[in-house]
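Examination of the molecular architecture
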Amino acid sequence: MGVRRQFLLFGVGGAIGLVVDAGVVQALVSWGHWNPYLARVVSFLSAATATWLWNRRYTFAHRHSGRSLRAEWLQWIALMSVGAVVNYAAYAVILMFYPWLHRWPAVAVAASSAAAALVNFSTARGVLFKRAKTSV
């Protein structure tokens, strides 16, 4: 599978992750009255898990990590954390400059997620799923 197709599928996974991320953060803030910064940690873990499930099944189905599921998930979370730093920094800056978004953090999530997509794709493809699967 070509890099363009992988990037497109990764984008679909990212859209799924965005829905999970924004939905969880919005629910925690609106209904659970959580702080929007702390809620983002929980929403990130939820979204990263959703994207890992999608990407290992579709985007990188022809590649493997050579790790157990648990180890693969842990490395995915670690790698996605690099992109999350970029994402979270943009999120915090957006909330700082637009305080009214404290009530609507899902908007800030959407804007900041685009900033991390390329970093996440590069680390997922180049570090975790770097080997092609071989037929037995």
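This structure is a prediction, so every number in the text was calculated from the model and none was measured.

Quick notes on the rules
- Residues numbered from 1 in each chain as written.
- Predicted model: local features only at pLDDT ≥ 70, side-chain atom pairs only at ≥ 80, totals over all residues.
- Heavy atoms only, no water.
- Helix = DSSP H or I, 4+ residues; strand = E, 2+ residues; numbered from the N terminus.
- Expected span 1.5 Å × (residues − 1).
- Buried < 20%, exposed > 50% of the residue type's maximum accessible area, 1.4 Å probe, protein only.
- Contact = heavy atoms within 4.5 Å.
- Phe/Tyr/Trp six-rings, centres within 6.5 Å; stacked < 30°, edge-to-face > 60°.
- Lys NZ or Arg CZ within 6 Å of the ring centre and 35° of its normal.
- Axes fitted to C-alpha atoms, helices over the stretch in contact; angles between N-to-C directions.
- Left-handed = near helix turned anticlockwise from the far one by under 90°.
- Nonpolar A, V, L, I, M, F, W, Y, C, P; charged D, E, K, R; others polar.
- 1 Å grid on protein atoms, 1.4 Å probe; cavity = no way out; pocket = protein on both sides within 12 Å on 5 of 7 lines; lining within 4 Å.
- Points joined across faces, edges and corners; volume = space filled by probe spheres on them.
- Core = buried A, V, L, I, M, F, W, Y, C linked by side-chain atoms within 4.5 Å.
- Patch = residues over 30% accessible without salt bridge, like charges linked within 9 Å, V, L, I, M, F, W, Y side chains within 5 Å.
- Areas by Shrake-Rupley, 256 points an atom, 1.4 Å probe, with all protein chains shown as cover.
- Salt bridge = Lys/Arg side-chain N within 4 Å of Asp/Glu carboxyl O.

For the rest of this paragraph, the subject is helix H1 (residues 3-30). Helix length check: H1 (28 residues) gives 39 Å between terminal C-alpha atoms against 40 Å at 1.5 Å per residue, within 8%. Of all the residues in H1, the buried ones are Gln6, Leu9, Phe10, Gly13, Gly17, Asp21, Ala22, Val25, Gln26, Leu28 and Val29. Buried-residue contacts for H1 involve helix H2 (36-59), strand E1 (63-64), helix H3 (69-97) and helix H4 (105-128).

This paragraph deals with the packing of aromatic side chains. Using the criterion set out here, one finds nine aromatic pairs in the structure. For the pair Tyr37 and Tyr91, a centre-to-centre distance of 6.4 Å together with 75° between the ring planes defines the contact as edge-to-face. Here the residue Tyr37 occupies a position in helix H2, and Tyr91 occupies one in helix H3, the gap between them amounting to 54 residues. Residue classification places Tyr37 among the partly exposed positions, given a relative accessible area of 27%. The ring of Tyr91 is capped by Arg40, whose NZ or CZ atom sits 4.6 Å from the centre of that ring. We note Arg57 situated over the ring of Tyr58; from NZ or CZ to the ring centre the distance is 5.1 Å.

Packing of H3 against H4 brings their axes to within 7 Å, and their N-to-C directions diverge by 145°. Between H3 and H4 the crossing geometry is right-handed. In terms of residue class, the contact of H3 with H4 is made up of 20 nonpolar, seven polar and one charged.

Bringing the layout of surface pockets into the picture now. Approximately 510 Å³ is the volume attributed to the largest pocket. Around the largest pocket sit 27 residues that line it, and Gly14, Asn87, Ser113, Ala116 and Asn120 are the ones nearest its centre. Listing elements by their share of the lining of the largest pocket, those giving two or more residues are H1, H2, H3 and H4. By residue number, the principal contributor to the lining of the largest pocket is H1, which donates nine residues.

This paragraph deals with the nonpolar core. Grouped together as the largest cluster of nonpolar side chains are twelve residues: Phe10, Ala48, Trp52, Phe60, Trp76, Ile77, Leu79, Met80, Phe121, Ala124, Leu128 and Phe129. Those elements that provide at least two residues to this core are H2, H3 and H4. Here this core gets four residues from one element, more than from any other, and that element is H3. The contacts of Trp76, once residues within four sequence positions are left out, are Phe10, Ala48, Thr51, Trp52, Asn55, Ala124, Leu128 and Phe129. Ala22, Val25, Tyr91 and Val109 belong to the second largest nonpolar core, which has eleven residues in total.

So, about a nonpolar patch on the surface. Taken together, the side chains of Val93, Met96, Phe97, Tyr98, Trp100, Trp104 and Val107 make up a nonpolar region of the molecular surface, amounting to roughly 820 Å² of accessible area. In terms of residues, the nonpolar patch owes the most to one element, H3, which gives three residues. One can find Tyr98 in the loop between H3 and H4.

In this section: the pattern of salt bridges. Throughout the structure, instances matching the rule amount to two salt bridges. Notably, a salt bridge pairs Asp21 with Arg40, separated by 2.9 Å at the nearest N-O pair. Residue Asp21 is found in helix H1, and its partner Arg40 is found in helix H2; the two are separated by 19 residues along the sequence. Each member of the pair, Asp21 as well as Arg40, carries the same accessibility label: buried. Residue Arg56 is joined to Glu72 by a salt bridge in which the shortest nitrogen-to-oxygen separation is 2.6 Å. Of the two residues, Arg56 is situated in helix H2 and Glu72 in helix H3; the sequence distance between them amounts to 16 residues. When its relative accessible area of 2% is taken as the criterion, Glu72 is described as buried.

Just geometry here; none of it tells us what the structure is for.
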